[in-house]
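The chain contents come next:
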Number of protein chains: 6
Amino acid sequence: MQSEIEKAKILIESLPYIRKFSNQTIVIKYGGHAMRDEGLKKSFALDIILMQYVGLVPIVVHGGGPQIGRVLEKMGIKSSFHKGMRVTDSETMEVVEMVLVGKVNKDIVGLINQHGGRSVGLCGKDGGLIQAKKLSSSTEIEDMGMVGQVELINPSILETLKNKHFIPVIAPVGVGPHGETYNINADLVAGKIASATKAKKLILLTDVEGINDDKGKLIPSLSTGEAQYMVDKGLISGGMIPKVNCCIEALKEGVEKAHIIDGRIEHAILLEIFTDKGIGTEIVA
Amino acid sequence: MQSEIEKAKILIESLPYIRKFSNQTIVIKYGGHAMRDEGLKKSFALDIILMQYVGLVPIVVHGGGPQIGRVLEKMGIKSSFHKGMRVTDSETMEVVEMVLVGKVNKDIVGLINQHGGRSVGLCGKDGGLIQAKKLSSSTEIEDMGMVGQVELINPSILETLKNKHFIPVIAPVGVGPHGETYNINADLVAGKIASATKAKKLILLTDVEGINDDKGKLIPSLSTGEAQYMVDKGLISGGMIPKVNCCIEALKEGVEKAHIIDGRIEHAILLEIFTDKGIGTEIVA
Amino acid sequence: MQSEIEKAKILIESLPYIRKFSNQTIVIKYGGHAMRDEGLKKSFALDIILMQYVGLVPIVVHGGGPQIGRVLEKMGIKSSFHKGMRVTDSETMEVVEMVLVGKVNKDIVGLINQHGGRSVGLCGKDGGLIQAKKLSSSTEIEDMGMVGQVELINPSILETLKNKHFIPVIAPVGVGPHGETYNINADLVAGKIASATKAKKLILLTDVEGINDDKGKLIPSLSTGEAQYMVDKGLISGGMIPKVNCCIEALKEGVEKAHIIDGRIEHAILLEIFTDKGIGTEIVA
Amino acid sequence: MQSEIEKAKILIESLPYIRKFSNQTIVIKYGGHAMRDEGLKKSFALDIILMQYVGLVPIVVHGGGPQIGRVLEKMGIKSSFHKGMRVTDSETMEVVEMVLVGKVNKDIVGLINQHGGRSVGLCGKDGGLIQAKKLSSSTEIEDMGMVGQVELINPSILETLKNKHFIPVIAPVGVGPHGETYNINADLVAGKIASATKAKKLILLTDVEGINDDKGKLIPSLSTGEAQYMVDKGLISGGMIPKVNCCIEALKEGVEKAHIIDGRIEHAILLEIFTDKGIGTEIVA
Amino acid sequence: MQSEIEKAKILIESLPYIRKFSNQTIVIKYGGHAMRDEGLKKSFALDIILMQYVGLVPIVVHGGGPQIGRVLEKMGIKSSFHKGMRVTDSETMEVVEMVLVGKVNKDIVGLINQHGGRSVGLCGKDGGLIQAKKLSSSTEIEDMGMVGQVELINPSILETLKNKHFIPVIAPVGVGPHGETYNINADLVAGKIASATKAKKLILLTDVEGINDDKGKLIPSLSTGEAQYMVDKGLISGGMIPKVNCCIEALKEGVEKAHIIDGRIEHAILLEIFTDKGIGTEIVA
Amino acid sequence: MQSEIEKAKILIESLPYIRKFSNQTIVIKYGGHAMRDEGLKKSFALDIILMQYVGLVPIVVHGGGPQIGRVLEKMGIKSSFHKGMRVTDSETMEVVEMVLVGKVNKDIVGLINQHGGRSVGLCGKDGGLIQAKKLSSSTEIEDMGMVGQVELINPSILETLKNKHFIPVIAPVGVGPHGETYNINADLVAGKIASATKAKKLILLTDVEGINDDKGKLIPSLSTGEAQYMVDKGLISGGMIPKVNCCIEALKEGVEKAHIIDGRIEHAILLEIFTDKGIGTEIVA
């Protein structure tokens, strides 16, 4: 019996967080290991469903690099990378869209629904959700092809789904002014969705512990100023740079907190939202 | 970190229950030790608030015998008991009402609000909630005075409060056709409120473990037939008889399950609702 | 027949007032003789119910001094008075709350409902209605104990009841930041409730004719400036001072008119609201 | 002051009626002397407005014989009568429509609005309110021309106006399947409107005291059976026959009470609805 | 089949206009030849109904000079004209109201309903729609009698009808502060109704092609500045002057475009709204 | 000008159909030539958008055989056919889903949005729309793999989108009880969606003229009895059999009319819905 009472106490510990985030939007970038490991996939689905049942409003944005690679390979299409991004010609773009929207997105929708949620998959074309344009980068020589950036988020389909308690799962594919399809970095889409929906939190699931200091020790909390300083001084490097940048931008546009957390931990999202401890690195406005 | 993950898993364990009771009314009879011990009082308040935050609809009905006794004593009013019920003349009734409605009820309201809930206290006069009449008992010689029984529950004030997410706390005082005030057994009121609000569960907090068999061992589950048999055969005795009877009646009127649980256990309500184990004795239709 | 036609004409006379106050809140401080005399009690109840049926929104705030005294006496608790207010230690406070909330309030609720209304009793704890603190009075030597003043009115429960056409009846008991209970002057509570609900009128039922001039003649109408002048010059005295002060404050906070009227007259409230003549003294912004 | 209190008591006397008819539809056939005398016109307008302000739903249907006659005369159009109804050829019909809809109806609308109501005039063409056909009368030799009878009431425009608290004023002109215009007896239209709107009461304002017995004494109340008997036995005669018949029919179709009252009495409608005495003859189902 | 496909293409051509004017109010002044010719009447009714079915919000305002003249003549009432307006004494005003409201208005209502629409006729008295006063004209010697001008439009009845998809048809009769009836120029009423309802377009159906230049050639488009210049310089004359003036005023008050079109062309309204070509003269802000 | 008037008349011709189908659901199976030809694609998109703007509720279900074949070929996956259906092992199923959901579906969504509509793509997993199971066919020897049939349509996501005027575009992929993905015939899905949404019409776009009689002449209309007879007697053959069967079934489940029409004709859908002529073969209940 005593252990049962301990369980009840743990439920009660979550009460201040449930209250605080009641009816608040939380945008989660889902990807990496958490999207491949069967145990982590289940723990992710349950976290999202629990969030919604206790009154929060989760929105999922996902990536899908590895799956794209495998299909391209099978189809004998070669692709090069530039600064971590896939150079995307139109043949490649077609495969990217098919895999992200027709495979990865629907697997996540199926996963959540299979565990008892009610989710609906979207890409940037649905309801004109993600208006995009070609990634502009004055200093770039390389033409990245159909790699895009977000022009505008049209959140009306998200509001429609929210009002009827459907959980949106978004593939990072945007649509251009002439109907063209753009491949956009998922962290970036998550950040923009968070701003457009006035989200309380942006959570990026990664395959690392968080942001480390120069001694390799996890930094639990950073202000945007500190985070910017670390980027400027080269103290953050590689794939973490765009993540931190899109956190900083989301915070500037009104999101309250951004979190870079370790998706390899079971129930990482719940830990972040519902416990005193928190995990990974938070960046605050 | 591992212990944190365990906590998250415990949250997840509650998911099937949160889903099952989402938007369902749960009527809790609050009384006894749980209403006196400071620790238990806090655990009760948090349980009720959590229930509401995760989407359930709790309604509290309370008793208050000991507090009434103390005030009567101070005022030098003597009262006799008959079959466990206080013979209630009109002078006594006035004190009963003052204590239940003006003291016990508002203490509970204050307790819940102090811990972050939004509750409103009611007695049977408010919005005509509990229409009552004199307790009729053909075989009785003793005149019980203003001891009453429920004629009709008018749930409109409960619906009004539910729609705006206020938690009703109800004192077991009814109003007669000519405006007279009746003292009604709180278990009985809880049962009738449960039927009238089409509650999913009726939970009676007691100062015992539950219903025991003839060897003194707790019986975890009874059908209404079995419960009736035990009452008829005298296997249930004393103060437990009216409790079991009002459970049986509530189940007949459409409540799905009734529970007689041990209010001396911390978070007894959460344990009953949100864990696999359950506690005390359940009676099912 | 002619007398019947006269009756119809009297109904018609009320039309401009019904139209003017349609859907407007009127806060009535109920107390004194009107709360003791059986005939006046009935006339009060009918006035309130009629107001609501013809489209106004009445809110009742009541006092209860004499009833408190009687119970304190029975319980052998002595209490002293300072400047017309009862010095309220915590033992006394408990009795004050019991009597106001558990006896006086529910008697009024019962009275209104008995005559066909739908009223609900509230104290300052219900829905966090009256946030209070200890009465601060820099110049006071005497510690008044749990005598409080209004910090904030949270009108959400009043709006909830209004939308479903319940008539709120409010006991002047407030709740402090740590859950403590405060005894507050009922006129003061009525004034604050009137401001918070943007009431059109504040009506104080008293046991005098109204405010008199220095020749003892009733003054039918005063501006706030004139009323303030009379208070400052000592032309108003005794128990009338706090009443006038709380009228002035309510008018400053947006209430349109305040009335100090003679509750000993049958249907005093209707006379004030629905006839050309008006009664007592009105104070206008 | 005493006379003022008497006034308030008279207001209170109306309370049971206000409550009883709250949100109920009352259809009033307006005509005769009450439509010509300036004092009675004003008393009618005020009665209707008061009804609406205190929560009832009045619908006015009017006649207009004398005004039609005057215009026909001015235009040099002769018309004959048959059994009290004007034989209506198409030239006459055009005048009937102009006068009823363009003159009488708008005068009543203006009258009500001028006294502070919000009314909207309608004829049977507006929103397809009154679907009509040629009056069929197997035993008639005379062709009555465009005299019609009600086929169907389409109450959607009445519901639209009711929801926004406009008072409908209806001219008894119907529209045939091919768009033709019919002149219909106003009592008949009032009865059909009452059935179609599930009215609580149908009130016919006449220029007589009510229905008299064979000694010329007013009969205060009749059952439909008794009324039918009186018609069958010739105890009711002349213009009263169609009035009684349309009351009987309305009662059969669900209207609760029909009243034939004396429109020459000031505030006749209020007297009927809001006083114990009632006036004229009521016919009850 | 090919001709059928051509038809479908024509439907598709209307799509941009349907989208542009979706849920927008269009005020149409109906009069002249289009109100007399049977074929044009039908084409008008169908145009209005189609507009509504495809999501626009049409409001019709009509004139009725010729019909008034005929009835005045029959009744032997003489009337003089001053600057194109009928001098309207009170006897004449009565006829004007009867004809406009009781004949012309209901004919149009009947016409629209007969073709499958749901229209409701209104005059300025209904719901207090058109508040008017005596036409003031400092330079006038002639007393025009009951000729009025618009003081205020009270659009609440129009909004009520719009929400339930009734088509309002408005007779240009206004009501003065003392209930007096005013005869107002229909173009003027249409302009004021357009401003008050924030209409997208004001369309005046006339018996001419539009506004011509000094060589008699139709001018397809004018700015308000150009239109004002033409009026000032006398390049627009006669009955066209008040029409142009009321267009200019409506545009100043927020209407987007005003159109003076040739009502003698079948489906003139549809041509104006749903085709690329447009007809007549448009005046733009 | 005359040709413009002809255009307006053509718009007017569509009025009876717009009225008849106002707010009615129309399910369109989109496929074949109409999904490949650029001109037909545009005409399809415009037809769907126009339908919605004029008040109908279109739902699109699409196939995608040829596109699937091309991708399978590129990936070197071979697939066999049995009775016109692709034997679908799990590797093939993955490609089918990717192509239908990630390519074909989003191309259609993009097409409609590009022309000004607001559409959202769905597969059977989204919101649990299409609950499926393995196609059961007692007489079959061949195992068709992941070819499925509809168990249940859960229309809640369709209602959500309808209320906010999004056009749903559905890929015929279902989800099994254990989350497995099924490939379902698109005609069949269209028929089931039509029944579940109580559609007025089911329209199948094909690459033939319609159903022909034994002389090869188009049959414009068939009863379900006649259609069944033709199937039973072998008068309908090949790919037309399942189409006719799913029409018959939809009609039995309450759809009013089913149409097999020639998608090679421009604006085939508009022709069917908005013109007197109709095209292809209709089957009526």
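**Thoughts on the interface of chain A and chain F**
At step 1: Listed as interface residues are 36 residues of chain A and, on the opposing side, 36 residues of chain F.
At step 2: Roughly 2800 Å² of surface becomes buried between chain A and chain F when both sides are summed, with 61% attributable to carbon and sulfur atoms.
At step 3: Ionic pairing is found between Asp-126 of chain A and Lys-106 of chain F, a salt bridge with its closest N-O pair at 2.6 Å.
At step 4: Counting across the chain A and chain F interface gives 14 residue pairs in polar contact (both at pLDDT 80 or more).

**Observations regarding the sheet that holds strand 5 (residues 119–122) of chain B**
All names here are of chain B.
At step 1: Taken in spatial order, the eight strands line up as 5-8-2-1-11-13-14-12 in an open sheet, and their pairing is mixed. Each edge of the open sheet carries a strand with a single partner, namely strand 5 and strand 12 (221–223). Pairs of neighbouring strands in the sheet enclose a mean axial angle of 20 degrees, with direction left out of account.
At step 2: In this structure, strand 1 (residues 25–30) lies alongside strand 2 (residues 57–62), joined through six bridges in parallel fashion. Bridged to Thr-25 within strand 2 is Val-57.
At step 3: Here helix 3 (residues 38–53) sits on the sheet and contacts strand 1, strand 2, strand 8 (167–170) and strand 11 (201–206); the angle it forms with strand 1, its principal contact strand, is near 170 degrees.

**Focus: the relation of the copies chain F and chain E**
At step 1: Least-squares fitting of chain F to chain E yields an RMSD of 0.0 Å, with the superposition described by an axial translation of 0.0 Å and a rotation of 180 degrees. In the structure described here, the two chain copies are related by an operation that fits a two-fold rotation axis. Closest to the rotation axis within chain F is the C-alpha of Val-54 of chain F, separated from it by 2.1 Å.
At step 2: Comparing interface residues between copies, 100% of those in chain F also lie at the interface in chain E; the contact surface is shared.

**As for the sheet that holds strand 13 (residues 257–262) of chain A**
All names here are of chain A.
At step 1: Read across the sheet, eight strands follow the order 5-8-2-1-11-13-14-12 without closing on themselves; strand pairing throughout is mixed. Either end of the sheet is taken by a strand with one partner, and the two such strands are strand 5 (119–122) and strand 12 (221–223). The average angle at which neighbouring strand axes cross in this sheet is 20 degrees, direction not considered.
At step 2: In this structure, strand 13 lies alongside strand 14 (residues 281–284), joined through four bridges in antiparallel fashion. Note that in strand 14 the partner of Ile-260 across the bridge is Thr-281.
At step 3: Where helix 3 (residues 38–53) meets the sheet, its contacts fall on strand 1 (25–30), strand 2 (57–62), strand 8 (167–170) and strand 11 (201–206), and the angle it forms with strand 1 comes to roughly 170 degrees.

**Some words on the interface of chain F and chain E**
By convention, interface size is frequently given as the accessible area that disappears when the constituent parts associate.
At step 1: Contacts between the two partners involve 32 residues from chain F and, on the opposite side, 32 residues from chain E.
At step 2: Interface area for chain F against chain E, summed over the two sides, is near 3200 Å², with a carbon-plus-sulfur share of 77%.
At step 3: Looking only at chain F, the three residues that lose the most surface to chain E are Leu-11, Ile-12 and Tyr-53 of chain F, adding up to 20% of its buried area.
At step 4: In this structure, Glu-13 of chain E engages Lys-7 of chain F in a salt bridge whose closest nitrogen and oxygen atoms are separated by 3.0 Å.
At step 5: At the junction of chain F and chain E, the tally comes to six residue pairs in polar contact (both at pLDDT 80 or more).
At step 6: Elements with a contribution of two residues or more to the side of chain F that touches chain E: helix 1 (2–13), helix 2 (15–20), helix 3 (38–53) and helix 10 (268–274) of chain F.
At step 7: If one sorts the elements of the side of chain F that touches chain E by residue count, helix 1 of chain F sits on top with nine residues.
At step 8: Counted by class, the side of chain F that touches chain E contains 18 nonpolar, six polar and eight charged residues.

**Brief notes about the packing of helix 4 (residues 65–74) of chain C against helix 5 (residues 90–114) of chain C**
All names here are of chain C.
At step 1: It is the contact of helix 4 with helix 5, at a shortest axis distance of 9 Å, that shows an interaxial angle of 125 degrees. The angle between the axes of helix 4 and helix 5 places the two elements in the oblique class. Judged by the sense of rotation from one axis to the other, the crossing of helix 4 with helix 5 is right-handed. The residues of helix 5 that touch helix 4, namely those facing Gln-67, Ile-68, Val-71 and Leu-72, are Thr-92, Val-95, Val-96, Val-99, Leu-100 and Val-104.
At step 2: Counted by class, the contact of helix 4 with helix 5 contains eight nonpolar, two polar and no charged residues.

**Quick notes on the arrangement of the chains**
At step 1: In this view chain A stays clear of chain E, with the nearest C-alpha atoms of the two still 17 Å from each other.
At step 2: Across all C-alpha pairs, the smallest distance from chain C to chain F is 27 Å, and the two are not in contact.

**Looking at the side chain of Asp-262 of chain F**
At step 1: As for its placement among the helices and strands, Asp-262 of chain F is situated in strand 13 (residues 257–262).
At step 2: Within polar-contact distance, the side chain of Asp-262 of chain F engages the side chain of Arg-264 of chain F at 2.9 Å.

**Regarding the relation of the copies chain A and chain F**
At step 1: Screw-axis analysis of chain A against chain F gives a translation of 0.0 Å along the axis, an RMSD of 0.0 Å, and a rotation angle of 180 degrees.
At step 2: In this assembly the copies share their binding face: 100% of the residues contributing to the interface of chain A also contribute to that of chain F.

**With respect to the pattern of salt bridges**
All names here are of chain F.
At step 1: For the coordinates displayed, the defined rule picks out 108 salt bridges over all chains.
At step 2: For the salt bridge of Lys-7 with Glu-4, the shortest nitrogen-to-oxygen distance reads 3.7 Å. With Lys-7 and Glu-4 both in helix 1 and three residues apart, this pair spans about one turn of that helix.
At step 3: Judged by relative accessible area, Glu-4 falls into the buried class, the value being 9%.

**Section: the environment of Ile-167 of chain B**
Residues and elements named next belong to chain B.
At step 1: Structurally, Ile-167 can be placed in strand 8.
At step 2: Taking the relative accessible area as the measure of exposure, Ile-167 reaches 1% and is therefore buried.
At step 3: Residues Ile-167 and Pro-177 lie 10 residues apart in sequence; the distance between their C-alpha atoms is 27 Å.
At step 4: Beyond its immediate chain neighbours, meaning those up to four positions away, Ile-167 contacts Ile-48, Gln-52, Pro-58, Ile-112, Arg-118, Ser-119 and Val-120.

**Considering helix 4 (residues 65–74) of chain B**
In an α-helix, one turn spans 3.6 residues, which is why side chains three or four residues apart end up on the same side.
At step 1: Listed in full, the buried residues belonging to helix 4 of chain B are Gln-67, Ile-68, Val-71 and Leu-72 of chain B. Viewed along the axis of helix 4 of chain B, the buried residues span an arc of 135 degrees, placing them on a single side of the element. The exposed set on the far side of helix 4 of chain B, more than 90 degrees from its buried face, consists of Arg-70 and Glu-73 of chain B.
At step 2: Those residues of helix 4 of chain B hidden inside the fold are in contact with strand 4 (85–86) and helix 5 (90–114) of chain B together with helix 5 of chain C.
At step 3: Immediately downstream of helix 4 of chain B, the backbone of Gly-76 of chain B shows phi near 70 degrees, a positive value.

**Some details on the packing of aromatic side chains**
At step 1: The final tally for this structure, using the stated rule, is six aromatic pairs over all chains.
At step 2: Plain terms: the ring middles of Tyr-30 of chain B and Phe-44 of chain B are 3.6 Å apart, the flat faces sit at 0 degrees to each other, and that makes the pair stacked. One end of the pair, Tyr-30 of chain B, is in strand 1; the other, Phe-44 of chain B, is in helix 3, with 14 residues separating them in the sequence. The pair formed by Tyr-30 of chain B and Phe-44 of chain B is uniform in burial state, with each residue classed as buried.
At step 3: Here the guanidinium or amino end of Arg-118 of chain D rests over the ring plane of Phe-166 of chain D, the centre of that ring lying 3.9 Å away.

**Quick notes on the nonpolar core**
At step 1: One finds Phe-44 of chain A, Phe-44 of chain B, Phe-44 of chain C, Phe-44 of chain D, Phe-44 of chain E together with Phe-44 of chain F to be the most contacted residues of the largest nonpolar core, which totals 423 residues.
At step 2: The residues contacting Phe-44 of chain D, other than those within four sequence positions of it, are Ile-28, Tyr-30, Val-60, Ile-108, Leu-111, Ile-112, Leu-205 and Ile-269 of chain D.

What counts, and where the lines are drawn
- Residues numbered from 1 in each chain as written.
- Chains lettered and ligands numbered in written order.
- Predicted model: local features only at pLDDT ≥ 70, side-chain atom pairs only at ≥ 80, totals over all residues.
- Heavy atoms only, no water.
- Contact = heavy atoms within 4.5 Å.
- Buried area = accessible area lost by both parts, 1.4 Å probe.
- Salt bridge = Lys/Arg side-chain N within 4 Å of Asp/Glu carboxyl O.
- Polar contact = N/O pair within 3.5 Å; in protein donor to acceptor, adjacent residues only side chain to side chain.
- Pairing = 2+ DSSP bridges.
- Helix = DSSP H or I, 4+ residues; strand = E, 2+ residues; numbered from the N terminus.
- Axes fitted to C-alpha atoms, helices over the stretch in contact; angles between N-to-C directions.
- Least-squares fit on C-alpha atoms with pLDDT ≥ 70 in both.
- Nonpolar A, V, L, I, M, F, W, Y, C, P; charged D, E, K, R; others polar.
- Parallel < 35°, antiparallel > 145°, perpendicular 65-115°, else oblique.
- Left-handed = near helix turned anticlockwise from the far one by under 90°.
- Buried < 20%, exposed > 50% of the residue type's maximum accessible area, 1.4 Å probe, protein only.
- Arc of directions from axis to C-beta.
- Phe/Tyr/Trp six-rings, centres within 6.5 Å; stacked < 30°, edge-to-face > 60°.
- Lys NZ or Arg CZ within 6 Å of the ring centre and 35° of its normal.
- Core = buried A, V, L, I, M, F, W, Y, C linked by side-chain atoms within 4.5 Å.

Purely geometric stuff here, so don't read any function into it on its own.
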